[in-house]
Amino acid sequence: MNDNGLVTSGEGLPLLWIIVPCYNEESVLPITAPLFLEELKRIISNGKASDLSRILFVNDGSKDKTWELITELSEKDMHYIGISQSRNRGHQNALLAGLMESVGNCDVTITIDCDGQDDITAMERMMDEYLSGAEIVYGVRSKRDKDTAFKKLTAEFFYKLVNVLGGEVVYNHADYRLMSSRVLEEFESFREVNLFLRGMIPLVGFRSSNVYYERTERLAGESHYPVRKMLHFALDGITSLSIKPIYMIVVFGCLVSLLGFVGVVWAIVMNILGETVAGWASMVCIICFLGGIQLLSIGIIGEYIGKIYMETKRRPRYIISERTWKPYKRKYKG
Ligand code: UDP
Ligand code: MG
């Protein structure tokens, strides 16, 4: 036992930390926090996790009463603990903060959103998979019938595109997942700043399996992912995982140059034959076409250069300002 009263290994049973990112969730947290605890207690009483397991709330710089609620919860029940980021850094960074906080303090983690959309009861099935040897268990949506046609179509297109471009993303899996401490210890060495966890975790390797569940509506509050943010996240995912777009630009550039060369030869031949026509329209078309391709190419290359720029800065990916508990020792600096 360490001096915080936390035990770093759970009497033969795995010590589970459920990691829950929260951003402005004062309306939903009072509903879902007891549900998480109820489910954790069920897992404990079924002998699948140690009673020293915890639910770790990561406050992602909320502007409402979320952190106050988390501190109140941590005073009410020893299973609840919390950390707070000094400002809002986004869902992925909040998850990373929680995951890295857990390293060295538990055997296994499950990350889940705090809005009750992901079926909480799937956690026990994830633990079953872990107990039978899986180091990563992906929560996978069994169907998308609650989604709008637009969301369904764009999501499907996105997963397919990422896979075609060489990224490895589990179809219909978001960030509801179990990871063992072993996976997380290895994951610590992934030092990149642009985070797309669902694409990065498969790169760690180890034995994995899937658990299927149905995703429902938020129990309260509103989504923090409007279409604009979702598209940005998708673009971030692709450019974080794959450099194939650059390769495709090169191929495309070669084809266009070849066509250009044929065009030049054709123009010269026509000129020699004396059949030149003042082709203003075609000229403008060509100029626009080439201009467009060039701009697009520069844009995509710029996206990568932007990423390289960010990586070279090596800024901390999160800074924790408060804790409801004292870590045994600081192993990791974000
Ligand atoms: N979240 C976060 N930081 C943010 C935005 C969201 O920690 O900047 C959390 C949020 O509290 C929730 C999870 O990430 O637990 C998923 O967010 P949300 O439910 O709004 O996204 P959606 O399910 O609509 O995609
Ligand atoms: Mg949600």
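Our subject is the structure listed above.
As the structure is a prediction and not an experimental result, all values here were calculated from the model.

Peer 1: How should the coordination of the magnesium ion (ligand 2) be read in this particular structure?
Peer 2: A metal bound by six donors in octahedral fashion has ideal angles of 90 or 180 degrees, whereas one bound by four tetrahedral donors has an ideal angle of 109.5 degrees. The magnesium ion (ligand 2) binds to the protein through Asp115 (OD) and Gln117 (OE1); the donor distances cover 1.9 Å. Side by side, Asp115 and Gln117 carry an identical accessibility label, which is buried.

Peer 1: I keep staring at the site of ligand 1 and nothing clicks. Help me out?
Peer 2: Near ligand 1, the surroundings consist of 18 residues, among which Glu25, Asp60, Asp115, Ser223 and His224 are the closest. In the environment of ligand 1, an oxygen atom lies 2.7 Å from a nitrogen or oxygen atom belonging to the side chain of Arg215. Side-chain polar atom of Arg218 to an oxygen atom of ligand 1: 2.9 Å apart, as the coordinates give it. If ligand 1 stood free it would expose 540 Å²; the protein chains cover 93% of that surface. Broken down by secondary-structure element, the contributors of at least two residues to the shell around ligand 1 are strand E1 (16–22) and helix H3 (91–102). Partitioned by chemical class, the residues of the shell around ligand 1 number six nonpolar, six polar and six charged.

Peer 1: How do you make sense of the sheet that holds strand E4 (residues 108–111) when you look at a structure like this?
Peer 2: Strand pairing in a sheet is mediated by backbone hydrogen bonds. Such pairs are either parallel or antiparallel. Read from one edge to the other, the open sheet built from eight strands follows the order E7-E5-E6-E4-E1-E2-E3-E8, with strand pairing classed as mixed. Every interior strand has two partners, whereas the edge strands, strand E7 (208–213) and strand E8 (320–323), have only one. Going across the sheet, the axis of each strand differs from the next one's by a mean of 20°, ignoring polarity. Taken together, the three bridges between strand E3 (residues 80–85) and E8 define a ladder with antiparallel strand orientation. Looking across to E8, one finds that Gln85 is bridged to Ile320. In the packing of helix H7 (residues 197–204) onto the sheet, the strands contacted are strand E5 (136–141) and strand E6 (173–180), and the crossing angle to E6 comes to about 35°.

Peer 1: Which parts of the structure should I look at to understand the packing of aromatic side chains?
Peer 2: One pair of aromatic rings is described through two measures. These are the centre distance and the angle between the planes. If you walk through the whole model with that rule in mind, you get nine aromatic pairs. Summarising the aromatic geometry, the rings of Phe196 and Phe233 are spaced 5.0 Å apart at their centres and angled 55° between planes, so their arrangement reads as tilted. Taken together, the residues span a long stretch of sequence, with Phe196 in the loop between helix H6 (181–187) and H7 and Phe233 in helix H8 (residues 227–241) at a distance of 37 residues. For the pair Phe196 and Phe233, a shared accessibility class is recorded, and that class is buried. Connected via pairs of aromatic rings, a cluster forms that spans Phe158, Tyr159, Tyr171, Phe196, Tyr225 and Phe233. Lying over the aromatic face of Tyr225, Lys229 brings its terminal NZ or CZ to 5.2 Å of the ring centre.

Parameters at a glance
Residues numbered from 1 in each chain as written. Chains lettered and ligands numbered in written order. Predicted model: local features only at pLDDT ≥ 70, side-chain atom pairs only at ≥ 80, totals over all residues. Heavy atoms only, no water. Donors = N, O, S within 2.8 Å, 3.2 Å for Na, K, Ca; no water. Buried < 20%, exposed > 50% of the residue type's maximum accessible area, 1.4 Å probe, protein only. Near = heavy atom within 4 Å. Polar contact = N/O pair within 3.5 Å; in protein donor to acceptor, adjacent residues only side chain to side chain. Areas by Shrake-Rupley, 256 points an atom, 1.4 Å probe, with all protein chains shown as cover. Helix = DSSP H or I, 4+ residues; strand = E, 2+ residues; numbered from the N terminus. Nonpolar A, V, L, I, M, F, W, Y, C, P; charged D, E, K, R; others polar. Pairing = 2+ DSSP bridges. Axes fitted to C-alpha atoms, helices over the stretch in contact; angles between N-to-C directions. Contact = heavy atoms within 4.5 Å. Phe/Tyr/Trp six-rings, centres within 6.5 Å; stacked < 30°, edge-to-face > 60°. Lys NZ or Arg CZ within 6 Å of the ring centre and 35° of its normal.

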